[in-house]
2 protein chains.
Amino acid sequence: MRRNAERMRERCRALGLRLRPHVKTHKTLEGAELATGGTRRGIVVSTLAEARFFAAGGFDDILYAYPLAGGRLAECAALAQRLQTFQLLLDSPQALALLQQHPLPGTKRWLVWLKLDCGNGRAGVRPADPAALALARAIAEGAPEKVTLVGVYAHCGDTYGCRDIPAVQAIARATATAVLDFVTVLRQAGVPCPQASIGSTPSCSHPVPEMAQLTELHPGNYLFYDLQQTLLGSCHPEEVAIRVLTRVIGHYPHRNQLLVDCGWAALSLHGRDQAPTGCAAIEGHPQLRLVGLTQEHGQVEAVDGQLDFGRFPLGSILALIPFHACATAAMHPVYYVHAGGKVVELWHPVRGW
Amino acid sequence: MRRNAERMRERCRALGLRLRPHVKTHKTLEGAELATGGTRRGIVVSTLAEARFFAAGGFDDILYAYPLAGGRLAECAALAQRLQTFQLLLDSPQALALLQQHPLPGTKRWLVWLKLDCGNGRAGVRPADPAALALARAIAEGAPEKVTLVGVYAHCGDTYGCRDIPAVQAIARATATAVLDFVTVLRQAGVPCPQASIGSTPSCSHPVPEMAQLTELHPGNYLFYDLQQTLLGSCHPEEVAIRVLTRVIGHYPHRNQLLVDCGWAALSLHGRDQAPTGCAAIEGHPQLRLVGLTQEHGQVEAVDGQLDFGRFPLGSILALIPFHACATAAMHPVYYVHAGGKVVELWHPVRGW
């Protein structure tokens, strides 16, 4: 994890960009401390529970990169008051109106990023849509004493549909270009927009030169990586820094299966139909695959041929490399952090919203 | 939830059976209090974390219905010492040897259920396999002053692959018959086995007469029910006692989609490819379906035709009926319990292992 954190920081240094790590994968103070290189400044969160947890843990410059919902404005105002820099994201005139109608007290202003959808097809306005320029202008010029436009933000989550690095890089290039072209349009329109940020672990693990023109990157998963990222080419298998340990609890030779004490309650069902070995790879045992997960049981088979039960006596431990670290981490109330073969720390993630 | 608890208790009373509710779906003291009709006696758990939590909450007669793993024997011994009745399950001679080699101190004995696999294909010995009788005999006769055979236990989880009630009942009948035939074999062999228990919410929601010859049923999901159970015919839609509330946070007319603030972090991915409306049904809106879930976002579309965005203004609340309550409940650190339109209690489930 330290190495993954350091490599991403080096990559951003080389590009002359700031790294604003997303914390939603691990959701721990310790992980974010590593990811920020100890500064505890400049992170992205996706829930207000995360924002409060990291604020209470001494973090600042927190971007709540999630479409603003009216019902949660009071919580955002409390965070803006508490922190030196609390930033919001929006993609609709309604959300902007809400901020303008509820200014922060004193000299504080709402700090706003405009969310762009550059092909990912989730939240955001499409930069080529005239509504995008209109909204950026409305943020910057509508009530400048109340609301400030900080930057534009895009998530290239469509990289997860890729099958190789060139395809990931093509999306990264298209996203960066669309964001930068939009910033040019803003500049030409006289709309100040100092920051431009894109993210996703696949794109940030193999950045393209066009990304150097942005100001920030905001990947999150890379701190752990996972089987999915390995299949996408984001990392080598030995860079994956997350495992679920499980015990063999049953031998069923008549159906050529082992049972292990790890079900979806410990792994999630992510990747079930996407990876050749199921929701996880079994470290050191490429001849095995997870074929079934119920709440607390996992069924393990041989990829082909007869399972060698003698190699896996009852009680033996297998290490599972999860398909999707974000999903697996979300199932665990504590992470066992090890170094030199010993558990050296327990990390407790925040949950809820 | 009260009604679901009461109906299952009535069903068991009518059959002359004890209800031993499984608590792994809700994992709360309050839910188990309802399910046991206030007695706090006679439950099934699937993790030792649950066993300790319910023991600390005043529950007793707890069956840890999970293949015994050697590494966890000390925790089991502590529970056996702490509780009047702590029961274990096993399906291998190795697990039995472990118990015989580590007897409980004083006059306590290990209380053991033999796990049978009557077609479900997960844990358990197949009752027609000569190893089943041999293992039952070894439990009962091997070291009777240390280990007692309490009963036989089967989970007919294969009912979840059914498409209608007759198919569920056929499996329930086959499972009950296989268990009872095995008990007969034991009796003929002079092996005392006082209890026989089967479970699964589909089978226990429409019990067949053969089940009356058992001594216990151990369903768990029925306290909530869910979309999956509705599709299986286990319950009517209005009996489902779990919802995830979510807000509309975005309108995207160009792709005919709403965005809601509920992703897999709040719902899980269970049912993604199994239910016509995705991982949940949207209550009161059969014309909508959830087409995509990322960690904190859900994408909602019209089943066909154009979405009427005017009906779903930003900030409006939708109630999601989860496909799989066990999986959705596992994503939440707290349940908001309501009555008469008001939140009246917060329930906190146990997690971990």
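Going by an unreviewed UniProt entry, chain A carries the name D-serine dehydratase and comes from Grus japonensis. According to the UniProt record, the Catalytic activity (unreviewed entry) comment for chain A reads "D-serine = pyruvate + NH4(+)". Looking at chain A in UniProt, the text filed under Sequence similarities (unreviewed entry) is "Belongs to the DSD1 family."

Before going further, it helps to examine the sheet that holds strand 13 (residues 298-302) of chain B. All names here are of chain B. Reading across from one edge, 11-14-9-10-13-12 is the order of the six strands in this open sheet, with antiparallel pairing throughout. In this open sheet, the two strands that pair with only one neighbour each are strand 11 (280-282) and strand 12 (288-293). Mean inter-strand twist for the sheet, computed between neighbouring axes without regard to direction, equals 40 degrees. Pairing analysis gives four bridges linking strand 9 (residues 244-252) to strand 14 (residues 317-322), with the strands arranged antiparallel.

With that settled, consider the interface of chain A and chain B. Residue-level contacts link 52 residues of chain A with 52 residues of chain B. Summed over both sides, the interface of chain A with chain B buries roughly 4300 Å², with 54% coming from carbon and sulfur. Among the residues of chain A in contact with chain B, A:Arg122, A:Arg351 and A:Trp353 are the three that bury the most area, contributing 17% of the side total. Counting across the chain A and chain B interface gives four salt bridges. A:Glu296 is paired through a salt bridge with B:Lys27; the nearest N and O atoms lie 3.8 Å apart. Summed over the shared surface of chain A and chain B, the number is 23 residue pairs in polar contact (both at pLDDT 80 or more). The set of elements that each furnish at least two residues to the side of chain A that touches chain B consists of strand 3 (60-67), strand 9 (244-252), strand 10 (257-260), helix 10 (264-267) and helix 11 (325-329) of chain A. Here the side of chain A that touches chain B is built from residues that sort into 20 nonpolar, 18 polar and 14 charged.

The rules behind each value
Residues numbered from 1 in each chain as written. Chains lettered and ligands numbered in written order. Predicted model: local features only at pLDDT ≥ 70, side-chain atom pairs only at ≥ 80, totals over all residues. Heavy atoms only, no water. UniProt positions renumbered as here; feature names shortened; annotations may be inferred. Pairing = 2+ DSSP bridges. Helix = DSSP H or I, 4+ residues; strand = E, 2+ residues; numbered from the N terminus. Axes fitted to C-alpha atoms, helices over the stretch in contact; angles between N-to-C directions. Contact = heavy atoms within 4.5 Å. Buried area = accessible area lost by both parts, 1.4 Å probe. Salt bridge = Lys/Arg side-chain N within 4 Å of Asp/Glu carboxyl O. Polar contact = N/O pair within 3.5 Å; in protein donor to acceptor, adjacent residues only side chain to side chain. Nonpolar A, V, L, I, M, F, W, Y, C, P; charged D, E, K, R; others polar.

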